[in-house]
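Now for the letters of each chain:
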Amino acid sequence: MSMYGRDPWGGPLEICPDSATDDDRSRNLDIDRGALSRTLDETQQSWLLAGPGDQGRKKKKYVDIGCLVVSRKLFVWTLGVLLAAAVFAGVMAGIAKAIPRRHHPTPPPDDYTVALHKALMFFNAQRSGKLPKHNNVHWRGNSCLKDGLSDPAVRRSLVGGYYDAGDAVKYNFPAAFSMTLLSWSVIEYSAKYEAVGELGHVRDIIKWGADYVLKTFNSTADSIDRVVAQVGSAATSPGSTQPNDKYCWMRPEDIDYPRPVVECHACSDLAAEMAAALAAASIVFKDNKAYSQKLVHGAATLFQFARDRRGRYSAGGSDAAKFYNSTSYWDEFVWGSSWMYLATGNSSYLTLATHPKLAKHAGAFWGGPDYGVFSWDNKLTGAQVLLSRLRLFLSPGYPYEEMLRTFHNQTSIVMCSYLPIFKSFNRTKGGLIQLNHGKPQPLQYVVNAAFLASVFSDYLEAADTPGWYCGPHFYSIEVLRSFARTQIEYILGKNHLKMSYVVGFGNHYPKHVHHRGASIPKNGVHYGCKGGWKWRDTKKPNPNIIVGAMVAGPDRHDGFKDVRKNYNYTEATLAGNAGLVAALVALSGEGHGVDKNTMFSAVPPMFPSPPPPPAPWKP
């Protein structure tokens, strides 16, 4: 738009005629002559009549800044104010920089995170073989470097892996389950592990276990006829003085007696669990393609062996039957095939996992006193939660939907059984759920249930589902999380004894843990098989603190005896600590749910891709 005003004479006036030519000005003067014929007021006459000297004096009172003419005083005053404001702003900025800033301190980590750091350290204390430099357990060293090589029937290296508990036996059945459970927790909560600086640590723990599993069979072959079930022996008979990992009380570093290797040729439960461990680990290490594929190949070989050679690994009164007896292998079939499907995307594994007859054999359609108890022996509950995840997030539909819906419904029933309002399981007066019906060593079952409740509530939240039904009643996911929190808080010290059952957490925790390495000082003295008995029998606290070890736990009356020789109270195990780690990471932190996608990274699209659009029509 044109910017025109009116001059004092009434003619048109352009505000900034900076492009006018001399001819334009002449024409404008001709146009303005009509305005001069009007009568001028006194002010206008004084302007016209003023002499050259007077005009100069008048002009000095004003400043011409191009398009505007302003009073000189106003111009000077305005310029001064602007300069003063600039100086003031600069001074204030300098003062602000000079004043030290008060940074709000980072909030301290919650109890779950503190306990998580410690619980992971237990696995460092349980390592067998040549230890890495960063193991960070000063009283541990290299141990059992002749495992497998010293057994004339094997003659190959079985160095590495983890000692199961306070002794020095390497039981592959609970150890493989521990690695599967840790891998599951990493797949779901890798962001949480990373946020607290433990992702690299837990991956190292899993790799240490997976590498050992690969040693226990011919992992490069497509078919095998045997797997290693355990290294070392805890078998004892009345009056026997044969040195072994039960009779002798020695630091693992000082063991000098033969350690036999137990192999099995028909062990579906063990092989399927080992397959699950390698399959789950392959997802954890999917960023290392070569290693991940090596794990998948080993898992496939193991699972095929499990299906071809049916049998329980602990049958026939073996050493394992006394400590880790397997009641069935059907649950391992459901569990193992579920993990095999997630690791490979091969639908034949999903077909097997959702086969009605397999589910029936595994006990999916009946209750029983141990229904819903997830442990190293019974994987059915964990498998049902895992398959419920598949239904919630991928919804594969026919032909899997019917069984997946059944597993989802059964999972809901199990979650209901954990709530205090239902009487499926008793509770101590202190509130600890009795999943093993008052028998010793309850905590390993409690932490597994706390993990399943937490992860299932996160599944529901990620699926925008606020809760689930127990019969006609609807319960929010917060009810499940409350169950998990109260159980873990009991373990961490909120009980009438004010006792933390995780060593090193809090100020009051067990000091006489049933553990050979922790109970014997590292003082350069070699204590033989019986030489360590004095450390086993002393009432003095352990000289070495086995940080993060979750002991077996209290009895059904909330009582606890901190006695080294009573392993039903004071022994810690791999499987128990794996469940503790999983529960702690699930409950720790805020703002991080489950990772919905990583678990399905190997799963192809459930439905075929739509055909490409037709080519553009040409006349």
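Computed from a predicted structure; not experimentally measured.

A. Molecular detail of the overall build of the protein chain. When you go through the protein chain residue by residue, the secondary structure sums to 21 helices and nine strands. When burial is assessed residue by residue, the protein chain has 50% of its 619 residues classed as buried. When contacts within the protein chain are restricted to residue pairs at least 6 apart in sequence, those whose partners lie at least 24 apart make up 72%. Entry remark: accessible area of the protein chain is about 30,700 Å², with carbon and sulfur atoms responsible for 57%.

B. Inspection of the state of the cysteines at higher detail. In total, this model carries three disulfides according to the counting rule given. Cys-248 shares a disulfide with Cys-529; S-S distance 2.0 Å. Its S-S torsion of approximately -90° makes the covalent link between Cys-248 and Cys-529 left-handed. Of this pair, Cys-248 sits in the loop between strand 6 (227-231) and strand 7 (261-264) while Cys-529 sits in the loop between helix 18 (516-519) and helix 19 (533-537); the two residues are 281 residues apart in sequence, bridging distant segments of the chain. Residue Cys-248 is classed as buried on the basis of its relative accessible area of 1%. Here Cys-416 is linked by a disulfide to Cys-470, with a sulfur-sulfur distance of 1.9 Å. Around the S-S axis, the bridge from Cys-416 to Cys-470 shows a dihedral of about -100° and counts as left-handed.

C. Structural context of the sheet that holds strand 5 (residues 170-171). Spatially, 5-6-7 is the arrangement adopted by the three strands of the open sheet, whose pairing is antiparallel. Two strands in the sheet have a free side with no partner beyond their single neighbour: strand 5 and strand 7.

D. Quick look at the confidence of the model for the protein chain. Taken as a whole, the protein chain shows an average pLDDT of 88; of its residues, 85% reach a score of 70 or greater. When the criterion is pLDDT under 50, residues 1-40 qualifies, and its contacts beyond four places in sequence or with other chains add up to 22 contacts. For the stretch residues 43-59, pLDDT sits under 50, and the model shows five contacts to residues farther than four places along the chain or on other chains.

E. Representation of the packing of helix 6 (residues 172-195) against helix 8 (residues 268-284) in the model. Look at helix 6 against helix 8: their axes get within 8 Å of each other, and the N-to-C directions meet at 30°. Judged by the angle between their axes, helix 6 and helix 8 are roughly parallel. Crossing of helix 6 over helix 8 shows left-handed handedness. Facing helix 6, whose interface residues are Asn-172, Phe-173, Ala-176, Phe-177, Met-179, Thr-180, Ser-183, Val-186 and Ile-187, helix 8 presents Asp-269, Leu-270, Glu-273, Met-274, Ala-276, Ala-277, Ala-280, Ala-281, Ile-283 and Val-284.

Criteria and thresholds
- Residues numbered from 1 in each chain as written.
- Predicted model: local features only at pLDDT ≥ 70, side-chain atom pairs only at ≥ 80, totals over all residues.
- Heavy atoms only, no water.
- Helix = DSSP H or I, 4+ residues; strand = E, 2+ residues; numbered from the N terminus.
- Buried < 20%, exposed > 50% of the residue type's maximum accessible area, 1.4 Å probe, protein only.
- Contact = heavy atoms within 4.5 Å.
- Areas by Shrake-Rupley, 256 points an atom, 1.4 Å probe, with all protein chains shown as cover.
- Disulfide = S-S within 2.5 Å.
- Pairing = 2+ DSSP bridges.
- pLDDT = per-residue confidence, 0-100.
- Axes fitted to C-alpha atoms, helices over the stretch in contact; angles between N-to-C directions.
- Parallel < 35°, antiparallel > 145°, perpendicular 65-115°, else oblique.
- Left-handed = near helix turned anticlockwise from the far one by under 90°.

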